[in-house]
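Now for the letters of each chain:
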Amino acid sequence: MAWLPPRLPRRPSSASLLALAYAMLVVYASLYPFGPWAWPPGLKAGDLIGLPWPKYWGGFDVQANLAGYLPLGLLVYAAVVRSGGSLLLALGLGLGLAPLLSFGMESLQYFLPRRVPSLVDWWLNTAGAAAGALLGLLLHLIGGLTRWQARREHWFVPHSAGALALLALWPMGLLFPAPVPLGLGQVLPRLRELAASALEDTPWDLQWDQAASLADSPPLPPGLEGLTIALGLLAPCVLALSVARPGWQRLLLVFGAAGLGVLGTALSTALNFGPQHAWAWLTPSSWPGLALGLGLACMLCACSRRACAAWGLVAVCALIALVSEAPGDPYLAQSLQGWEQGRFISFYGLAQWVGWLWPFGVLAWLLRLLVRRES
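Quick caveat, the model's predicted, so the values are computed rather than measured.

### Observations concerning the nonpolar core
No. 1: Grouped together as the largest cluster of nonpolar side chains are 51 residues, with contacts concentrated most on Phe156, Leu182, Leu239, Trp358, Val362, Trp365 and Leu366.
No. 2: Secondary structure elements with two or more residues in this core: α6 (161-174), α9 (222-241), α10 (249-273), α11 (286-300), α12 (305-324) and α14 (345-371).
No. 3: Residue contributions to this core peak at ten residues, all from α9.
No. 4: Core analysis: the second largest hydrophobic core is formed by 13 residues, Tyr22, Leu72, Leu112 and Ala129 among them.

Have a look at this one:
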């Protein structure tokens with residue numbers, strides 16, 4: 001049909017990784033808090049085939065279920081099309097995969113006493129995913145996906161899907177408050193705490209308790225705090241530069257990442273401590289750190305992609321080491337109580353995991369780039 005847009009060339013797409021990440025968010029939000037699992041009294045195996053009609057629902061539930069699955073339908077459609085699949089296949093998967101996922105999540109909620117399976121939720125999820133897939137179809141028909149593909153090839157080298165997906169996830173990781181602004185990756189103290197719990201009442205109990213107490217260490221000195229902020233800003237910049245083509249657009253990527261980091265941190269602070277405190281994180285230690293990170297990133301704009309990746313490994317490793325020694329925010333526990341009592345705790349918990357693991361994903365990508373031959 002002449003009115004259909006041409007099929008895009010087959011190549012890896014960041015939309016595929018983002019669709020997978022979004023599906024994981026849906027699973028997390030649907031099954032949180034992942035226990036206690038129990039077989040409902042009186043439930044027969046045949047009852048799992050159908051979903052019950054809810055006794056009540058509110059306007060927020062309708063909006064959340066519709067909006068929650070819309071990006072999934074759009075991302076699945078875009079992933080298939082931008083990977084070289086046909087329009088029919090993209091539309092079929094965009095309309096079909098999300099309802100199957102939603103039905104599985106609603107069925108599993110039978111076994112979680114704190115969750116309620118609902119036929120209305122499934123219909124709303126299906127409608128949201130269908131709207132997302134149809135939005136993708138509309139963008140495809142008017143040439144939006146083709147133009148995006150051309151723009152991406154102008155700015156980034158081939159095989160950059162993983163890096164772009166990590167860059168898209170970075171703002172989400174910033175939503176969970178870090179011990180230092182932009183300081184993602186504080187997962188090692190959590191591992192020490194898990195190890196201390198696992199080794200409790202063993203000959204190694206005291207030793208691991210002392211190790212776990214490192215999380216309560218004094219605050220970082222202002223100089224190290226500023227350096228941590230600089231490294232936290234430098235990490236996404238070097239990731240972008242490792243897949244960016246040479247040219248003036250590299251500076252735009254650096255300043256864009258800096259602006260996104262500042263706004264993301266301000267939003268996180270506003271969500272946790274109130275809108276009036278959105279910019280309270282801009283302390284005398286923050287400004288020099290931001291300036292240092294931005295200056296180093298601008299200097300790296302003149303380097304090759306492999307050089308940026310090598311410096312990125314150094315920066316991310318140093319960031320993880322410094323953030324692991326930073327203490328937790330004494331006001332964070334009180335703030336989290338409001339989240340735990342609210343509706344967004346499942347999304348908030350996933351943002352926490354993204355913030356913990358994002359630097360390690362960057363390390364894996366940069367290592368892969370360095371060991372791979374240049375194409």
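Let's pick the thread back up.
### Digging into the confidence of the model for the chain
No. 1: Here the chain shows a mean pLDDT of 80. Residues at 70 or above account for 79%.
No. 2: Of all secondary-structure elements in the chain, the lowest mean pLDDT belongs to helix α8 (residues 205-212), at 49, while α11 reaches the highest, 94.
No. 3: Under a pLDDT of 50 for its full length, residues 208-215 has, in the predicted model, 15 contacts with residues more than four places off or in other chains.
No. 4: In the predicted structure, residues 340-345 sits below a pLDDT of 50 and forms seven contacts with residues beyond four places in sequence or in another chain.

### Quick word on α11
No. 1: Compared with an ideal rise of 1.5 Å per residue, which puts 15 residues at 21 Å, α11 spans 21 Å between its outermost C-alpha atoms and is within 8% of the ideal.
No. 2: Among the residues of α11, Ser286, Gly289, Leu290, Gly293, Ala297 and Leu300 are the ones counted as buried. Considered in projection along α11, the buried side chains sweep an arc of 100° and stay on one side of the axis. Residues of α11 that are exposed and point more than 90 degrees away from the buried face comprise Trp287 and Met299.
No. 3: Elements that come into contact with the buried residues of α11 comprise α9, α10 and α12.

### Quick notes on the environment of Leu95
No. 1: For Leu95, the location among the structural elements is in helix α3 (residues 87-108).
No. 2: Note on Leu95: relative accessible area 36%, which makes it partly exposed.
No. 3: For the pair Leu95 and Ala129, spaced 34 residues apart in sequence, the C-alpha to C-alpha distance is 6.5 Å.
No. 4: Discounting chain neighbours no more than four positions away, the residues touching Leu95 are Ala130 and Ala133.

Calculation notes
- Residues numbered from 1 in each chain as written.
- Predicted model: local features only at pLDDT ≥ 70, side-chain atom pairs only at ≥ 80, totals over all residues.
- Heavy atoms only, no water.
- Core = buried A, V, L, I, M, F, W, Y, C linked by side-chain atoms within 4.5 Å.
- Buried < 20%, exposed > 50% of the residue type's maximum accessible area, 1.4 Å probe, protein only.
- Helix = DSSP H or I, 4+ residues; strand = E, 2+ residues; numbered from the N terminus.
- pLDDT = per-residue confidence, 0-100.
- Contact = heavy atoms within 4.5 Å.
- Expected span 1.5 Å × (residues − 1).
- Arc of directions from axis to C-beta.

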